[in-house]
Amino acid sequence: MLIALLPGDGIGPEVIAQARRVLDALAIDGLVYEEGLVGGAAYKAVGHPLPAETLDIARRADAILFGAVGDPDCDALERHLRPEQAILGLRKELTLFANLRPAKMFPELADASTLRPEVAAAIDLMIVRELTGDVYFGEKGMRKTADGQREGYDVMCYSESEVRRIAHVAFRTAQARAKNGGGGKLCSVDKANVLETSQLWRDVVIETAAEYPDVTLTHMYVDNAAMQLVRNPGQFDVIVTGNLFGDILSDQASMCVGSIGMLASASLDSNGKGLYEPIHGSAPDIAGQNKANPLATILSAAMMLRYSLNLPAQADRIEAAVAKALAGGARGADLGGSMSTVQIGDAVLAAL
Ligand code: NAD
Ligand code: IPM
Ligand code: MN
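Residues numbered from 1 in each chain as written. Chains lettered and ligands numbered in written order. Predicted model: local features only at pLDDT ≥ 70, side-chain atom pairs only at ≥ 80, totals over all residues. Heavy atoms only, no water.

(A) Region of interest: the site of ligand 2. Every residue lining ligand 2 is accounted for by E84, L88, R91, R101, R129, Y136, D247 and I279. Side-chain polar atom of R129 to an oxygen atom of ligand 2: 2.7 Å apart, as the coordinates give it. Separating an oxygen atom of ligand 2 from a side-chain N or O atom of D247 is a distance of 2.9 Å. Protein coverage of the free-state accessible area of ligand 2, which is 320 Å², stands at 77%. The cavity where ligand 2 resides is the second largest pocket. Among the elements that take part in the shell around ligand 2, helix 4 (residues 84-93) stands out by supplying 3 residues, more than any other. For the shell around ligand 2, the per-class residue count stands at 3 nonpolar, no polar and 5 charged. (Near = heavy atom within 4 Å. Polar contact = N/O pair within 3.5 Å; in protein donor to acceptor, adjacent residues only side chain to side chain. Areas by Shrake-Rupley, 256 points an atom, 1.4 Å probe, with all protein chains shown as cover. 1 Å grid on protein atoms, 1.4 Å probe; cavity = no way out; pocket = protein on both sides within 12 Å on 5 of 7 lines; lining within 4 Å. Sits in = over half its atoms within 2 Å of the grid points. Helix = DSSP H or I, 4+ residues; strand = E, 2+ residues; numbered from the N terminus. Nonpolar A, V, L, I, M, F, W, Y, C, P; charged D, E, K, R; others polar.)

(B) Looking closely at empty space enclosed by the protein. Applying the stated criterion across every chain, the model contains 1 cavity of 30 Å³ or more. What the largest cavity holds in volume is close to 80 Å³. Around the largest cavity, the lining residues are D134, M156, Y158, V189, D190, T197, S198, W201, T241, G242 and F245. For the lining of the largest cavity, the secondary-structure elements that each account for two or more residues are strand 8 (185-190) and helix 7 (196-209). For the lining of the largest cavity, the element with the most residues is helix 7, which contributes 3 residues. (Points joined across faces, edges and corners; volume = space filled by probe spheres on them.)

See the structure below:
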């Protein structure tokens, strides 16, 4: 089994190094790694954020473990050369349309959430974010208006088939998570009161629901969803939403469970091939200081074992080790502690 290892920029290499230590400690038979350049690191080395060689490794791999991309040195580059194009390009080229971002409260972190502990304790939700459409991938550009001003535009757009395939993933996710016999709850988040894109989204989600009579489907406008996520996050089970809304709501959900350094993600195609990455970015403000929380990346490695490599028992071991490390006080500055990236990795290894 080939793992493409793409550390990227900023804290990316620091957090990937800890995930790699954890994977190595599991001594899984037949796991091999190929490392590739992505992001600003790739641009600086070879002039492109997603070199053909990296894309080739990613295509050949059974799964991809990704750190983060983004480099302030590259902010002035033309858009197609910016580091972020590496992750957008991988998602699009590999059709990784289904982004699963679980947010679950580790009881040990109740005091780290910015929500009251009794509100935060109930959080156990999954954001299913569509990842290869929406305003991210519509026509975009800069132009001049009739009166000579600059005007930027990005077209928001979803086709029926794009909505349907992510809706199926979301309904199946709700069924798989359901406890006590039911089919689980699915909340579709949109802005159908204003956007045509969202009206289509809502119509197609409702059509798809006919195939999942056991799942309880509700709809919510995104502004209300942002509010409900901090008012009473325990009401949510599975949330399905578009690319942009999902990006924003998942950063918000991360803080509800204590830190953006805790949220893992899987980005899957229709065959279970996946890219696994923390939801956070390259964090230039703390890069190179051994301060980043590596747990989101370690938990992403667990998702990789579960979803792409069919090793659920090993995934369970990683998740249990993370819980044990947290119970033992393994916390970085983001969680109100003082441990370094490497020390948190040490704690997870010790727990394993
Ligand atoms: P960010 O997620 O990198 O950082 C936001 C804040 O959270 C910062 O204060 C940072 O220090 C903190 N933080 C993030 N991860 C942390 C961790 N593991 N441990 C402790 N603290 C952590 O978001 P940003 O600052 O808006 O973006 C920085 C760069 O990252 C930009 O170039 C952006 O485009 C890029 N980015 C990339 C990805 C990705 O690669 N998938 C995701 C988000 C942002
Ligand atoms: C994420 C990031 C990316 C996104 C950026 C870096 C393109 O914020 O993975 O959440 O917006 O999807
Ligand atoms: Mn994001």
